[in-house]
Amino acid sequence: IPLERPASALVSSARMDAQSPPANETVLVVDDERFVRELCVEIIAGEGYRVLAAQDADEGLRLARQEDVGAILLDLMMPRLSGFDALQIFGQEFPEIPVVVMTAHSSQSRVIDLLKMGAYDFLPKPFEPSDLIYSTRRAVERHRLFKENKRLLRELQDQVKAQTREISRGRQLMENIISHMGSGLLVTDRDSKIWMINNQGQETLGVTAAQVVGQRLQDLFPGSESLLEVKVGSFLRELDLTRPDGRTVPLGFNNSVLLDASGQPEGTIIIVRDLSERRAERAEVRRKDRLAAIGEVAAGVAH
């Protein structure tokens, strides 16, 4: 750092050059040169940051592990644990904290190597206070954005999980309702291929889902075309349908168009019910009516 001006003058000059407001973040300065370390602390603290200072990499690592740090200013040339080794450790333990490397020995190849090792920015010595503040603010802002993105991602993941659980509950409820319906339910696509049939539908039509899903309704049940003919109004229609086992079952049915998300037709929803018992009851009623009529006639003749 240029020594022609006192530290207070450097700080004032840096503040005049600064454009963005101070941030309430913690910055860690790691440098073995006391003058540089204290000057960095004075300049950065003057911009509203909380500043921690470490005289070597070991102390810097200890502070980073104890404190909520938003940015690290790291000198490369230090005794014992070098800045290179510390940079790698910082990157492994604190990948979300940007590290600004400070060194007097700079070259294009070294800068590239440092960036590959995980450094966020590079600050060559000697540097102006404005450059120090600019690099610090960029690093702190990156950390803030990282934390904000992480928070938003976590909220999004929580929302997705909640919606997934809700969809799963809704799907389970729908499957339970469909499975326990008293009527048979079939759903076909635009090509009349069956893509869903419930338990009652399988029992009524004498088939299994494995046999019919993916097959055209008309191919499985000849004469079933009317099941696909949707008519205006909701009313019960009847059809005698021959099952694959050869048994003819009287069906009562109604249907409706299946619409996609854009409101376009994509298939047919068919609800069927076996009318065998109802027809047997009707036949029994008619038989009793005939017997009653015959009895009335016989009574009249006897009279």
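Every value quoted in this text rests on a predicted model; they were computed, and no experiment measured them. (Residues numbered from 1 in each chain as written. Predicted model: local features only at pLDDT ≥ 70, side-chain atom pairs only at ≥ 80, totals over all residues. Heavy atoms only, no water.)

### Some words on the pairing of strand E1 (residues 26-30)
- Taking burial as the measure, the five residues of E1 include five buried ones, the bulk of the element.
- Side chains of E1 alternate between two faces, with Thr26, Leu28 and Val30 and Val27 and Val29 buried alike.
- The pairing of E1 with strand E2 (residues 50-54) spans five bridges and is classified as parallel. Within E2, the position partnered with valine 27 by the bridge is valine 51.
- Between the parallel pair E1 and E2, the chain is carried across by helix H2 (residues 34-45), and the sense of this crossover is right-handed.
- With four bridges connecting them, E1 and strand E3 (residues 71-75) associate as parallel partners. In the sheet register, valine 30 faces E3, and the bridge partner there is leucine 74. (Buried < 20%, exposed > 50% of the residue type's maximum accessible area, 1.4 Å probe, protein only. Helix = DSSP H or I, 4+ residues; strand = E, 2+ residues; numbered from the N terminus. Pairing = 2+ DSSP bridges. Right-handed = clockwise from strand over helix to strand, strands pointing away.)

### Focus: helix H4 (residues 83-93)
- Among the residues of H4, Gly83, Ala86, Leu87 and Phe90 are the ones counted as buried. All buried residues of H4 lie within an arc of 105° about the axis, which places them on one face of the element. (Arc of directions from axis to C-beta.)

### Topic: the packing of aromatic side chains
- The full count for this structure, using the stated rule, is one aromatic pair.
- Measuring from centroid to centroid gives 6.3 Å for phenylalanine 90 and phenylalanine 94, while their planes differ by 45°, and the two rings are tilted. (Phe/Tyr/Trp six-rings, centres within 6.5 Å; stacked < 30°, edge-to-face > 60°.)

### What to know about the confidence of the model for the protein chain
- Summary statistics for the protein chain give a mean pLDDT of 85 and a share of 86% for residues scoring 70 or more.
- When the criterion is pLDDT under 50, residues 1-19 qualifies, and its contacts beyond four places in sequence or with other chains add up to 28 contacts. (pLDDT = per-residue confidence, 0-100. Contact = heavy atoms within 4.5 Å.)

### So, helix H6 (residues 129-179)
- Compared with an ideal rise of 1.5 Å per residue, which puts 51 residues at 75 Å, H6 spans 73 Å between its outermost C-alpha atoms and is within 8% of the ideal.
- Within the sequence span of H6, burial applies to Pro129, Leu132, Ile133, Ser135, Thr136, Arg137, Ala139, Val140, His143 and Ile178. (Expected span 1.5 Å × (residues − 1).)

### Concerning the side chain of arginine 37
- By the secondary structure assignment, arginine 37 is in helix H2.
- Of the side chains with opposite charge, glutamate 38 comes closest to the buried, unpaired arginine 37, at an N-O distance of 5.4 Å.
- A polar contact is formed between the side chain of arginine 37 and the backbone oxygen of aspartate 31, at a distance of 2.6 Å.
- Setting aside chain neighbours within four positions, we find arginine 37 in contact with Val29, Asp31, Asp32, Ala53, Ala54 and Gln55. (Lys, Arg positive; Asp, Glu negative; His and termini not counted. Salt bridge = Lys/Arg side-chain N within 4 Å of Asp/Glu carboxyl O. Polar contact = N/O pair within 3.5 Å; in protein donor to acceptor, adjacent residues only side chain to side chain.)

### Quick word on the pattern of salt bridges
- Throughout the structure, instances matching the rule amount to 18 salt bridges.
- The salt bridge partner of arginine 190 is aspartate 260, with a shortest N-O separation of 3.7 Å. With arginine 190 in the loop between strand E6 (184-189) and strand E7 (194-197) and aspartate 260 in the loop between strand E9 (248-259) and strand E10 (265-274), this pair connects stretches of sequence that are 70 residues apart.
- A residue is classified by how much of its surface remains accessible, and aspartate 260, at 22% relative accessible area, is partly exposed.
- Put simply, Asp31, Asp75 and Lys125 are held in one network by salt bridges that share partners.

### Here we look at the sheet that holds E2
- Read across the open sheet, the five strands follow the order E2-E1-E3-E4-E5; overall the sheet is parallel. On the outer flanks of this sheet lie E2 and strand E5 (121-124), each paired with one strand and no other. Pairwise comparison of adjacent strand axes, ignoring direction, gives a mean angle of 20° for this sheet.
- Across the sheet, H4 is in contact with E3 and strand E4 (99-103); its angle to E3 comes to roughly 160°.
- The strands that H6 touches are E1, E3, E4 and E5; relative to E5, the one it contacts most, it runs at about 165°. (Axes fitted to C-alpha atoms, helices over the stretch in contact; angles between N-to-C directions.)

### A short note on the packing of H2 against H6
- In the contact formed by H2 and H6, the axes pass within 10 Å of each other and the chain directions differ by 65°. Considered as vectors, H2 and H6 are oriented roughly perpendicular to each other. Here H2 and H6 pass one another in a crossing that is right-handed. Of the residues in H6, those touching H2 at Cys40, Ile43 and Ile44 are Pro129, Leu132, Ile133 and Thr136.
- Here the residues of the contact of H2 with H6 are counted per class, giving six nonpolar, one polar and no charged. (Parallel < 35°, antiparallel > 145°, perpendicular 65-115°, else oblique. Left-handed = near helix turned anticlockwise from the far one by under 90°. Nonpolar A, V, L, I, M, F, W, Y, C, P; charged D, E, K, R; others polar.)

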